[in-house]
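A look at the structure
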Amino acid sequence: MNLMIVKPDNQEHITPIKEFSNVVGKELEIISFLKKIEQQNEKENSNMIYEMAISIAGQKVQNLAMIHGTRDNRLIELTIMNLKDGDNEKNRSFIEKTTEYSFGQLNAETLVIFSNHQDKTLESLGYESLGNDHGIIPYIKDREKMVISGMKRV
């Protein structure tokens, strides 16, 4: 599975994204996020991060991530959407690759994903649940740093 970063002016990305947004019922949310990416791309040296990542099987988007954050505090929120009939292992791989991209390419220090249910997949990828708050469960993952004594959260 390949992670593709969306270019809002690339119709090869936009057409399957629009189809995906109809299937998952998030047209307004996804299309308005694409507009934010376009606006952000016009600004130089902005503190805000707006990116979208997708995975495609055949000609259809299987997974989509809206990546939103700030450069100065290096906090990034990931909004992950999968097809309901999607393969759990592919969904896990997509989240893993999006996490790696956010830490590696976007220089994130902390990632957060909000879920409306307990998510064993996120926990297996090292995300930590902060508990249920009115039906929403925030999961966070901090960049792990190597220290002399081995791997340790700092």
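As shown above, the structure is provided for reference.
My aim in this report is to walk through the structure given alongside it, one point at a time.

Thresholds applied
Residues numbered from 1 in each chain as written. Predicted model: local features only at pLDDT ≥ 70, side-chain atom pairs only at ≥ 80, totals over all residues. Heavy atoms only, no water. Helix = DSSP H or I, 4+ residues; strand = E, 2+ residues; numbered from the N terminus. Rg over C-alpha atoms; globule rule 2.2 N^0.38 Å. Buried < 20%, exposed > 50% of the residue type's maximum accessible area, 1.4 Å probe, protein only. Contact = heavy atoms within 4.5 Å. Areas by Shrake-Rupley, 256 points an atom, 1.4 Å probe, with all protein chains shown as cover. Lys, Arg positive; Asp, Glu negative; His and termini not counted. Charge placed at Lys NZ, Arg CZ, Asp CG, Glu CD. Salt bridge = Lys/Arg side-chain N within 4 Å of Asp/Glu carboxyl O.

Some points on the overall build of the protein chain
- Within the protein chain, the regular secondary structure consists of four helices and nine strands.
- Listing each helix as α and each strand as β along the protein chain from the N terminus yields β-α-α-β-β-β-α-β-α-β-β-β-β.
- Taken against the 2.2 N^0.38 rule, which gives 15 Å for 154 residues, the C-alpha radius of gyration of the protein chain at 16 Å falls within 12% of a compact globule.
- Projected onto its principal axes, the C-alpha coordinates of the protein chain cover approximately 50 × 40 × 35 Å.
- For the protein chain, with 154 residues in total, the buried portion stands at 38%.
- In the protein chain, of all internal contacts separated by at least 6 residues, the share reaching a separation of at least 24 is 50%.
- Accessible surface computed for the protein chain: about 9,300 Å², of which carbon and sulfur atoms make up 48%.
- Side chains of the protein chain carry 19 positive and 23 negative charges; the gap between the two charge centres is 2 Å.

A look at the pattern of salt bridges
- Evaluated as defined, the whole model comprises five salt bridges.
- Two residues, Lys120 and Glu123, come together in a salt bridge whose shortest N-O distance is 3.8 Å. Of this pair, Lys120 and Glu123 are both found in helix α4 (residues 120-124), three residues apart, which corresponds to roughly one turn of the helix.
- Relative accessible area serves as the criterion here: at 29%, Glu123 is assigned to the partly exposed category.
- Because the salt bridges share partners, they merge into one network encompassing Arg74, Glu109 and Arg143.

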